[in-house]
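Examination of the molecular architecture
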Amino acid sequence: MRLASAEIDLSALQYNLDKVREFAPQSKVMAVLKANAYGHGLVEIAKALHQADAFAVARIDEALALRAGGLVKPIVLLEGVFQASDLAIAIANNFQIIVHDQHQLEMIENETLDGELTTWLKVDTGMHRLGVYPEQFEQFYTRLLASKNVHSDIKLMTHFACADDISDGKTKQQLALFSQLIEQKTQQTCLANSAGVIGWPQSHGDWIRPGLMLYGVSPMLNQIGADHQLKPVMRLTTKLIAIRKVNAGETVGYGSAWRASKNTYIGVVAMGYGDGYPRHAPNGTPVMINQRRYAIIGRVSMDMISVDLGSTVPNGIAIGNTVEMWGPSLPVEEIAQYAGTIPYELLCNVTPRVDYQYIK
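Residues numbered from 1 in each chain as written. Predicted model: local features only at pLDDT ≥ 70, side-chain atom pairs only at ≥ 80, totals over all residues. Heavy atoms only, no water.

Here the focus is the overall build of the protein chain. Within the protein chain one finds eleven helices and 18 strands. For the protein chain, the C-alpha atoms occupy an extent of roughly 75 × 45 × 35 Å along the three principal directions. In the protein chain, of all internal contacts separated by at least 6 residues, the share reaching a separation of at least 24 is 64%. (Helix = DSSP H or I, 4+ residues; strand = E, 2+ residues; numbered from the N terminus. Contact = heavy atoms within 4.5 Å.)

This part covers the environment of Leu-42. Tracing the backbone through its elements, the reader meets Leu-42 in helix H3 (residues 42-48). The exposure class assigned to Leu-42 is buried, which follows from its relative accessible area of 10%. Placed 23 residues apart in sequence, Leu-42 and Ala-65 show a C-alpha to C-alpha distance of 8.2 Å. The contacts of Leu-42, once residues within four sequence positions are left out, are Leu-33, Asn-36, Ala-37, Glu-62, Ala-65 and Leu-66. (Buried < 20%, exposed > 50% of the residue type's maximum accessible area, 1.4 Å probe, protein only.)

Quick look at the nonpolar core now. Judged by nonpolar contacts, the single largest core of 108 residues is most densely connected at Leu-33, Phe-55, Tyr-277 and Trp-326. If one sorts the elements of this core by residue count, helix H1 (residues 10-23) sits on top with five residues. Apart from the residues within four sequence positions on either side, Phe-55 is in contact with Met-30, Ala-31, Leu-33, Ala-46, Leu-49, Leu-66, Leu-71, Lys-73, Pro-74, Ile-75 and Val-76. If you look at the next biggest cluster of nonpolar residues, it comprises six residues, including Val-252, Trp-258, Ala-260 and Ile-297. (Core = buried A, V, L, I, M, F, W, Y, C linked by side-chain atoms within 4.5 Å.)

By themselves, these figures tell us nothing about what the structure is for.
What follows is the structure in structure tokens.
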């Protein structure tokens, strides 16, 4: 029996998709499933999101895994393709590709293909990561339109740098630039990621591409999913495997990083960085046992974490108790704040040692 478990609530996932549609009722939904569906399980999550209009992944191997799993919806490759042989694969599997640089454009123009590619032209309006420069936009658009390998229905896309912060003016600047560039175009557009969906209604366009919010987690600064009526999809749990007494002055864990100021009982929890829990989570990071919070003490090790149970063992605390590391009772956003990271990283880092249980 595995001790660590990730319970994936598929009803919560479907509820969140409905919430997404409430935020943007006029837009089609491109559900983002990259990085193993943000650590939730690529194919299982895709099957549960059958009411989405399309899926989006980062790379072609993720898209092929969806097809192998029986998924037939359109799939968008958010990074596009990087070698000419992938273009034929994209056509054969009904993959839509992002075009964001000169190399990709030339591959499309020079290859001989048995069909037409559905393409999205991505414009860099301020993220400065991927996308054609604004001054290149018309040239790229015209060349794609002229290519025998490209379907004439070219769609247009950009990506926001600071949409998670509604006080930051950069999103308004990016919106204005994108609107200016496409002013004479009638093509479908996609601008809004999860933060755009929640914080910037004017960005919704024809398509939205929610990722994190589908999994019940807030993409906005200093907020949690419940602030947007979202439900956590993942509940990461394990078991309490030992209860020990530590005398005043004794230390716990590697490096003797925590010292008892008084006689203290500690609980040893079967979870560590080998399961994907952040090693740098500091003393005081909470876990939940029997609907009560207990603080981590000492360093997170590969397989175990110690928690402070107090000067006496609380009623109901016993070996075998379920310990929630994050989930409905303990937002992953809060654990991320303690660990000095973001919830995306925590969700994506859950390792194969953890047993996934899909609750329908």
